[in-house]
Amino acid sequence: MEKVDISNYKDIWVYAEQRQGKLSPVVIELLGEGRKLADVKGIKLNAILVGNDVGHLVDELYSYGAETVYFCQDSKLENYTTDGYSKVVCDAINEFKPEIFLIGATHIGRDMAPRIASRLNTGLTADCTKLEIDEEDGKIKQTRPAFGGNIMATIICPENRPQMSTVRPGVMDKAIKNPDHKGELVKVNLDLKASDIRTEVKEIIKSEKDLVSLTDAEVIVSGGIGLGTQEGFKLIEQLAEKLNGVVGSSRAAVDAGWIDHSHQVGQTGTTVKPKLYIACGISGAIQHLAGMSDSDTIVAINKNPDAPIFQVADYGLVGDLYDIIPQIIEELENIEG
Ligand SMILES: Cc1cc2nc3c(=O)[nH]c(=O)nc-3n(C[C@H](O)[C@H](O)[C@H](O)COP(=O)(O)OP(=O)(O)OC[C@H]3O[C@@H](n4cnc5c(N)ncnc54)[C@H](O)[C@@H]3O)c2cc1C
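The rules behind the values
- Here, residues in each chain are numbered from 1, in the same order as that chain's written sequence.
- Confidence filtering applies because this is a predicted model: local features only for residues at pLDDT of at least 70, side-chain atom pairs given and counted only at 80 or more, and all residues used for totals across whole chains, interfaces and linings.
- Derived side-chain values reflect all non-hydrogen atoms in the structure, with water molecules and hydrogen atoms excluded from consideration.
- UniProt positions are given in the numbering used here, feature names are shortened, and annotations may be inferred rather than shown by experiment.
- Only one rule defines a salt bridge in this text: a Lys or Arg side-chain nitrogen within 4 Å of an Asp or Glu carboxyl oxygen.
- Think of it in three bands: with a 1.4 Å probe and only protein chains considered, a residue is buried below 20% of the maximum accessible area for its type, exposed above 50%, and partly exposed in between.
- Numbering of helices and strands runs from the N terminus; a helix is a DSSP stretch of H or I covering at least four residues, while a strand is a stretch of E covering at least two.
- Near residues are defined by distance, with any heavy atom within 4 Å of the molecule or strand qualifying the residue.
- N or O atoms within 3.5 Å of each other form a polar contact, as long as, within protein, one can give a hydrogen and the other can take it, and as long as residues adjacent in sequence are counted only when both atoms are side-chain atoms.
- All accessible areas in this document rest on Shrake-Rupley with a 1.4 Å probe, and a residue is counted as covered only by the protein chains that are shown.
- In the scheme used here, Gly and all other residues not listed as nonpolar or charged are polar, with Ala, Val, Leu, Ile, Met, Phe, Trp, Tyr, Cys and Pro taken as nonpolar and Asp, Glu, Lys and Arg as charged.
- Note on geometry: axes are lines fitted to C-alpha atoms, helical ones only across the stretch in contact, with angles between N-to-C directions running from 0 to 180 degrees.
- Between 65 and 115 degrees an angle is taken as roughly perpendicular, under 35 as roughly parallel, over 145 as roughly antiparallel, and anywhere else as oblique.
- It is the rotation of the near helix from the far one that decides the hand of a crossing: anticlockwise by less than a right angle makes it left-handed, clockwise makes it right-handed.
- Only heavy atoms enter the contact rule, under which two residues are in contact if any of them lie within 4.5 Å.

- Within an unreviewed UniProt entry, the label attached to the protein reads Electron transfer flavoprotein subunit alpha, and the organism entered is Peptostreptococcus russellii.
- UniProt annotates the protein under Sequence similarities (unreviewed entry) with the comment "Belongs to the ETF alpha-subunit/FixB family."

Here it is as structure tokens:
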């Protein structure tokens, strides 16, 4: 593989994913994390924004701490396409040479990042849950769960640039908004022909999935196989509704066909950090814990006192969830009344 002169590369770039003119929430998390990394290294935190008619997002990116926004604007970039977006991002990276490039591990990020990494002949670590700067050599240490979450692998990219990571949504702390913070705009000169884009977007259909916002929820009530039947989720819904929360689930409940995957919490589902997480009939397998153990307060309801979920729970209720949950709902109604 061709060697690059790594001293030519500087700054951290965050890919400012947007859909229909709205920033993806993960961008704010990447800017939060990017700020920390940039401060440790004493380098700049920048963002790259790609799209058509999305100029209104530039100020928003500044307000979350971006110092320079590289802006790729073109009517051909109205909708996300792998080849169109990858091309302009690769061209911008080749021109401006960021040292570190962070992308949210969303569907778009997971699609685009490997395409960019292979075009640039550089390393990519997918789905990172922790990023750190090595104090000795200033390289980025990228940690991600591997082998079904049983080990955490820390990966470095010593000789190629940029060092690229996709980062799991919901894991990093959000950047704090400061509407007074202003940055610099760099309009990237694009070399994009219609023939560069081989995909034609016919229609964008919003699925029900978008309505489940586990990452933003302050309260999540999750159900597992311990519910015994799909009907059990009605009880979970009732409790979630009382607490203004959303319904989560274990993978086993998804595999059983009781609930859609968009509700799944865990390593192969969504990572969540709500104020309150209530796990009902969930054993607490490592892959489930990987997605929720950073919640502020965890309540577990399980009839097995030895269930591993109790090891991470702040409050544990041992018993049948069909006895316990209706009592909680009743108490909440008493408080309301
Ligand atoms: C590569 C890989 C990725 C995975 N990713 C995920 C993931 O993202 N998310 C995830 O959740 N799992 C994931 N899993 C699966 C995970 O290993 C577990 O199988 C799963 O989390 C178990 O779900 P559960 O807790 O609902 O079921 P179980 O482990 O069967 O636990 C059910 C629990 O309910 C309790 N219970 C039963 N009846 C009642 C009752 N009436 N009242 C109260 N408690 C009751 C039982 O005591 C038990 O503890 C993954 C596995 C692999 C290999």
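Structure shown, so let's carry the discussion forward.
1. A short note on the pattern of salt bridges
- Counted under the stated rule, the structure contains 19 salt bridges.
- Taking the shortest distance from any N to any O, the salt bridge between Glu17 and Arg19 comes out at 3.0 Å.
- Residue Arg19 is classed as partly exposed on the basis of its relative accessible area, which comes to 38%.
- With a shortest N-O distance of 3.7 Å, Lys36 and Glu33 are connected by a salt bridge. Linking Lys36 with Glu33, this pair stays in helix α1 (residues 25-41), spanning three residues, or about one helical turn.
- The class for Lys36 is partly exposed, based on a relative accessible area of 42%.
- Through salt bridges with shared partners, one network takes in Glu33, Lys36, Asp173 and Lys273.

2. A look at the site of the ligand
- Taken together, 25 residues are adjacent to the ligand, and Ser250, Thr268, Ser283, Gln287 and Asn302 come closest.
- Contact distances for the ligand include 2.6 Å between an oxygen atom and a side-chain N or O atom of Ser250.
- Gln267 is positioned with one of its backbone polar atoms (N or O) 3.0 Å from an oxygen atom of the ligand.
- Summarising the interface, the protein chains cover 75% of the accessible area of the ligand, which totals 980 Å² for the free molecule.
- For the shell around the ligand, the secondary structure elements donating two or more residues are α6 (251-255) and α7 (286-289).
- Residue classes in the shell around the ligand are distributed as six nonpolar, 16 polar and three charged.

3. Comments concerning the packing of helix α5 (residues 232-242) against helix α9 (residues 321-336)
- One can describe the packing of α5 onto α9 by two numbers: an axis separation of 10 Å at closest approach and a directional angle of 25 degrees. Between α5 and α9, the angle falls in the class roughly parallel. Between α5 and α9 lies a crossing whose hand is left-handed. Only Leu321, Tyr322, Ile325, Pro326, Ile328, Ile329, Leu332, Glu333 and Glu336 of α9 make contact with α5, whose side of the interface consists of Gly232, Leu235, Ile236, Gln238, Leu239 and Lys242.
- The residue makeup of the contact of α5 with α9, split by class, is 10 nonpolar, two polar and three charged.

4. Here we look at unusual backbone geometry
- A cis amide bond, omega -5 degrees, links Arg161 with the succeeding residue Pro162.
- One can find Pro162 in the loop between β10 (151-155) and β11 (163-167).
- You will see that Asp11, though not glycine, has its phi angle at about 75 degrees, which is positive.
- Mapped onto the fold, Asp11 is located in the segment before β1 (12-15).
- Of note, Asp127 is a non-glycine position whose phi angle comes to about 60 degrees, a positive value.
- Within the secondary structure, Asp127 sits in strand β7 (residues 124-128).
- Taking the relative accessible area as the measure of exposure, Asp127 reaches 11% and is therefore buried.

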